[in-house]
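Structural overview
The lines below spell out each chain.
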Amino acid sequence: MGIPVFILAGLLVHCVFLVSIFDIYFSSPLVHGMTPQQTPLPPPAKRLVLFVADGLRADSLYELNSNNTPQAPYLRGILENNGSWGISHTRVPTESRPGHVALIAGFYEDVSAVAKGWKENPVEFDSVFNESKYTWSWGSPDILPMFAKGATGDHVYTFCYAAESEDFGAQDAAKLDMWVFDRVKSFFNSSRSNQTLFSALNEEKVVLFLHLLGIDTNGHAHRPNSREYKENIKKVDEGVKEIASMIDNFYGNDGKTAFILTSDHGMTDWGSHGAGHPSETLTPLIVWGAGVNYPQKVTSQFFEDNFLKEWKLENLKRLDVNQADIAPLMASLIGVPFPLNSVGTLPLEYLNNSAHFKAESMFTNAVQILEQFKVKMSQKKETTLSFLFTPFKPLSDSEQINFLKKTRLYIQQQKYDEAVSLCKTLINLALEGLSYYHTYDRLFLGLSIAMGFVGWTTYVILVIIKTHTNLTKTVQTNNKESTVLFYSFAFVGMIIAFFLLIQTCPWTYYVYCLLPVPVWYAVVRELPVIQDLATNLMSPHIGQSIGFLLVCTLGIEILVFSFFYRSTLTIGLLVFAGWPVITQLWVQAKTTALIWTLLCVLLAIFPLMPVVGREPNIPLVIATGLLTFLISCFSLSSLCKSENKYRNNEDLKVRFYQMLSIALSTYVVSSTHDSLKNKQGLPVLNQIISWMTLVSSSVLPLLSPTFLFQRLFSILLSLMSTYLLLSTGYEALFPLVLSGLMFAWINMEQEALQHYGLSFKPKLAVFNFAYATDITQFRQLHLDDVRRSFFFVFFIVTAFFGTGNIASVNSFDPASVYCFLTVFSPFMMGGLLVLKVVIPFVLVSCAFEAVQVTTQLSSKSLFLIVLVISDIMALHFFFLVKDYGSWLDIGTSISHYVLVMSLTIFMMLMNGLAQLLTAKRLELPRRTKHHST
C-alpha cells in the first residue's frame, strides 16, 4: 500500500471512528406522528409572559449584596410575597440554543445539535409557541427565528435587533435588554390605535416572549462577578417590573396573566459556558400570576447544596424542576396542547388549582409521553427482524391499557392523589422505555467500532514490523490461499450487508458494521508475518519482550491519566529531565544534557498553572513579546556575524519582517486591551494589523533558508507573533519554553544515536531540510525509536494541556480573540481558538520532523508508531464515554474521546504540514537580487 493511499485510508478510518460516537451515544431523540394532547378543563390564565435572561446564574439572582440588599429587589419581593420559586436544572451542552429548546419545546437536544450550528433547526419540532394562538417575541436574531421557522401557519411573530449589536467590546451590553423593554412598551402603545392587533392581544392562549441577551454578553466580556454583570441584573429587574405593571394595566388587572422568569443556562466564573459545571447548569425560576401558587412557608427543607442559607430563603419552599418541565408548566397555565416531543413532567407544586385540574393535567402529560413511546416502539419493531426483537417488558400493550384504565377510574372516583402518583409512575416508565428503544442498537454498534479499532491498530503494528524492522524474514504468499481468503471475507461482508438491508438500517450502520471486514482481511493476510514474529520473539528474548510491553503500557496509561489530571504531565516531564542521567547520555554531552534538564523542569511548571483566562495578565504577554524580540535580535546579530556562505540579504530582510511583526503584535495586544478596558471597542487599525499578521505568519517561514535551525527559528517567530495576539496571560510564554525544549530535543536525539552506535553524527548547523530526503541513507527501526515516538505523543499532549486548556468545551476564553473581533460569531471565534491550540502542535510537529530527518528515518516509520500509541489511547476513551451520571461527567467523557480522535487526525495532517513548513522554500522574484548585489 503506497503512502498516500495508507494516509487516506487512515484518515477515513479515524473520521468514521470520530463520527460514530455521535451516532452511538448522541443521536436525535425525536419521533414524529403523535396526536396532540390537551387538558379538557378550562385553564387559569389567558396569556403568558416568558422572560428568559440569557446566561443568568441562579446564585447571581438570588444572593444578597454585601449590605444584605437583594440583587433584584422586585423579583425578590415577588418570590417572598406573590409567587413560587426554585432552581431549574439544565443539561449539557449549556448553550443558548439547546437551553431554549428545552424551555419552550420541552425536550433536550442531542449533543450533536451543537455541531449543526446555533441558528437553524437541524430537526423540525413542536413548541409551546407553535401550539399557542399568537406568540410575539423580542430579542436576539440567534434564538427567535428558530421557533418561528418550526411553527405551522403564521402566528409566531419575531422582532430582532441586528446581529452586529452583540459586541463583547462595546460600551454596555445592557442596551440589548433596554432595546427589548422599549420595543415591548411601544408595541402595546401602538396596539391601542390598531384594532386588529388589539383584538389579537385580547385573545386567549397568547404568549409574549422577551429574550434578554445583555446579561450573557456582559458575562462573556467582563465575567459574572463584575460590576457590569450585576448592574445588568438590576436593569433587567427594573425592566421586568415595568413590563409586568404595564401589562396588568393594559388588561385592566383582570388577573388572567401568568409570568415566568428563568434562564437558558448559567456561566462559569471565567465567563464561558457549554459544559456541565454547576455554575452553568443551575438557573433561576420564578413564576407568578394567574394559576400560580403563592409562597409556601416551611420550617425546614433539605437540599444537598447550602444555597438556601446563603440566600436567606430557608423558610420559603424551594421547588426545583428540570429545564424541560417548564414547557408543560406553560402549556398547562394557558391551556394549550403539550408540545408533542416534550419529555418534561408537569411540576404540580407550582399550580394553584383544584385537585381535579391537577389530576387531569397529569393524565394528559402521561398520555402525551406514552404516545412518543408507542411511536418509538413501532419504529424499532418495523426495522428489526421479529425473532431478534426484545420489547420493553414493563410497558407491554396490556400494561399500558391497564395503567390508563386505572387512572381514569381514580379520577372518576375523585381519588386524585392516587391518580397523580399512578401518572407519575407511568411517565417514568415511558421515559425509561423511550431511552431503551433510543439506545437499542448501542451495544452492537459499539462492538463493531471496537472491532474496527483493534483491527486497524493490529494492521498498523504489522506494517511497521514488516517494512521497517528486521524482525521477520520475507515470506512467500500462496496465491491459492489468498484467493480463498478474499472470497470468504467478501462473503462475510455480503451476509452483514444483507442483514442490514432486511432491517432497513440507516446508511451509517453499513459503514460501522462493514468497516471491520476489510481491516481484518488486511490483518489475516499477514498471518505468516505474525507466526514468524511469534517464533522470533518467543525464543531468546521472552523476558525482554514482556518487559518492553509493560513499559509501553505504563507510558500509555500515564498519557490517558493526564487527561483527567493535568499534573501527571509535570511528573512525566520531571522523569524526562532525568533521562540523560538514567541512560548515561550526559557523559558525552554535558551542556546539551544540562540545557535539556533545565528546560524540562521549566516546562513542568505549566501544567500546574491555573486554567487559562481565569485571571488575564496582559503585562506578562507584553513582557513575553519583548523577550521574544530580544531573542530574535540576538539571533539576528549572530546570523550577521556568521559565514557569508550561508546567508544573503533576502534572508535578513525576512528575519527583519518577522521581528517587526513581533513588535507590532506586542503593541496591538497592549493597546487593544486598554481600549476595551475603557469600553471604546476594538480599534480598526489594530484589527487590520492582527489579521495581516495572521496571514503573513503562514507565508514568511517559507521564505527563510532551509537550514535546520534557521528554518525552525523562523517558524517559531512567525507563529509566536500570531500567538501573542491570541494570549491573555502566562500561556504566552509557553511556545517559547516549548520550542527551546524542542531545540534541545533535536540535539539530544543526535547524542542518543551515537550512544547506541546507530550512525555517524551529521553537523546540525549546516544540515539542510531540502536535501534530507536521500532515500539510501534511511535505516531500520530500533527499540529506541519507540521512545522517540512516545516523546512526540507526550509533547503533543503537553502542548494541549500545558497552555491551561482543560479537556472540556468551557475551557476556552472568548477574551483570547478580542484582538481579531469582538462581535459574537461562534464559528469565527471557534476557528481562532482552534488556531491557538494548534500553534504549539505545529512547533512540536516541526521538531519531530527534524528529529526524523536527522536520525535518518523515513518519516513514515516513526509516524506509524505514533499512530499506534494514539489509537490505543483513543480505544481507552471510547470505552470511557458515557451518557449517564452527572452532566459534568458526560460532557468530559465526550470531550476526551473527541480530543484524542482529533489529535490523531490532526497528527496525520500535521505530519504533512511539518514537511511542507520545513522543506519547501518560496523563491522571491529574481529582480530584487540585482539590487542587493
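These remarks concern the structure in this document.

Together, Phe387, Leu388, Phe491, Ile495, Phe498, Phe499 and Ile502 make up a nonpolar patch on the protein surface, roughly 720 Å² of accessible area in all. Inspection of the secondary structure assignment puts Phe499 in helix α18 (residues 479–502). Overall, Phe499 belongs to the partly exposed group, its relative accessible area being 37%.

Taking burial as the measure, the six residues of strand β6 (residues 257–262) include six buried ones, the bulk of the element. On β6, burial covers both faces: Thr257, Phe259 and Leu261 on one face and Ala258, Ile260 and Thr262 on the other are all buried. Both strand β1 (residues 47–53) and β6 contribute to a ladder of six bridges, which runs parallel. Across the sheet, Leu50 pairs through a bridge with Ile260, a residue of β6. Pairing analysis gives five bridges linking β6 to strand β7 (residues 282–289), with the strands arranged antiparallel. Directly across from Thr262, in β7, lies its bridge partner Leu285.

It is worth spelling out the environment of Asn293 at this point. As for its placement among the helices and strands, Asn293 is situated in the loop between β7 and α12 (307–311). Along the backbone, Asn293 and Asn82 are 211 residues apart, and their C-alpha atoms lie at a distance of 8.1 Å. Within the structure, the side chain of Asn293 is placed 2.8 Å from the backbone oxygen of Glu349, a separation counted as a polar contact.

Attention now goes to helix α22 (residues 542–564). With 23 residues, α22 ought to run about 33 Å at 1.5 Å a step, and its terminal C-alpha atoms sit 34 Å apart, in line with that. When α22 is considered as a whole, its buried residues turn out to be Ser545, Gly555, Ile556, Leu559, Val560, Ser562 and Phe563.

Further remarks concern the nonpolar core. The biggest cluster of nonpolar side chains holds 146 residues, and the ones touching the most others in it are Trp596, Trp745 and Phe795. When residues in this core are grouped by element, the largest group, 16 residues, is from helix α32 (residues 826–854). Those residues in contact with Trp596 that lie beyond four places of it in its chain are Phe576, Ala577, Trp579, Pro580, Leu741, Ala744, Trp745, Met748, Phe791 and Phe795. Formed by 67 residues, the second largest nonpolar core is a distinct cluster that contains Leu333, Phe392, Tyr437 and Tyr440.

Taking burial as the measure, the 10 residues of helix α4 (residues 96–105) include 10 buried ones, the bulk of the element. Within the span of α4, buried status applies to Ser96, Arg97, Pro98, Gly99, His100, Val101, Ala102, Leu103, Ile104 and Ala105. Phi turns positive one or two residues past the end of α4, at Gly106, with a value near 80°.

Here we come to the sheet that holds strand β2 (residues 84–89). Here we have eight strands laid out as an open sheet, ordered β4-β3-β5-β1-β6-β7-β2-β8, and mixed in their pairing. The strands lining the two open edges of the sheet, one partner per strand, are β4 (156–160) and β8 (321–322). In this sheet, strand β5 (residues 206–212) lies alongside strand β3 (residues 134–139) in parallel orientation, the contact comprising five bridges. In the sheet register, Thr135 faces β5, and the bridge partner there is Val207. The sheet contacts of helix α13 (residues 326–334) involve β1, β2, β5, β6, β7 and β8, and relative to β6 the element is tilted by about 170°.

This next bit is on the packing of helix α28 (residues 684–703) against helix α29 (residues 708–725). It is the contact of α28 with α29, at a shortest axis distance of 9 Å, that shows an interaxial angle of 170°. Here α29 runs roughly antiparallel to α28, going by the angle between their axes. Facing Ser690, Thr693, Leu694, Ser697, Leu700, Pro701 and Leu702 of α28, the residues of α29 in contact are Arg711, Ser714, Ile715, Ser718, Ser721, Thr722 and Leu725.

Enumeration according to the criterion identifies 57 aromatic pairs in this entry. For the pair Trp138 and Phe159, a centre-to-centre distance of 5.6 Å together with 20° between the ring planes defines the contact as stacked. With Trp138 in strand β3 and Phe159 in strand β4, the pair connects residues that are 21 residues apart, well separated along the chain. Take Phe159: its relative accessible area is 32%, and that puts it in the partly exposed class. On the basis of an interplanar angle of 75° and a centroid distance of 5.1 Å, the ring pair of Trp579 and Phe791 is categorised as edge-to-face. With Trp579 in helix α24 (residues 579–582) and Phe791 in helix α31 (residues 783–801), this pair connects stretches of sequence that are 212 residues apart.

What counts as what
- Residues numbered from 1 in each chain as written.
- Predicted model: local features only at pLDDT ≥ 70, side-chain atom pairs only at ≥ 80, totals over all residues.
- Heavy atoms only, no water.
- Patch = residues over 30% accessible without salt bridge, like charges linked within 9 Å, V, L, I, M, F, W, Y side chains within 5 Å.
- Areas by Shrake-Rupley, 256 points an atom, 1.4 Å probe, with all protein chains shown as cover.
- Salt bridge = Lys/Arg side-chain N within 4 Å of Asp/Glu carboxyl O.
- Helix = DSSP H or I, 4+ residues; strand = E, 2+ residues; numbered from the N terminus.
- Buried < 20%, exposed > 50% of the residue type's maximum accessible area, 1.4 Å probe, protein only.
- Pairing = 2+ DSSP bridges.
- Polar contact = N/O pair within 3.5 Å; in protein donor to acceptor, adjacent residues only side chain to side chain.
- Expected span 1.5 Å × (residues − 1).
- Core = buried A, V, L, I, M, F, W, Y, C linked by side-chain atoms within 4.5 Å.
- Contact = heavy atoms within 4.5 Å.
- Axes fitted to C-alpha atoms, helices over the stretch in contact; angles between N-to-C directions.
- Parallel < 35°, antiparallel > 145°, perpendicular 65-115°, else oblique.
- Phe/Tyr/Trp six-rings, centres within 6.5 Å; stacked < 30°, edge-to-face > 60°.

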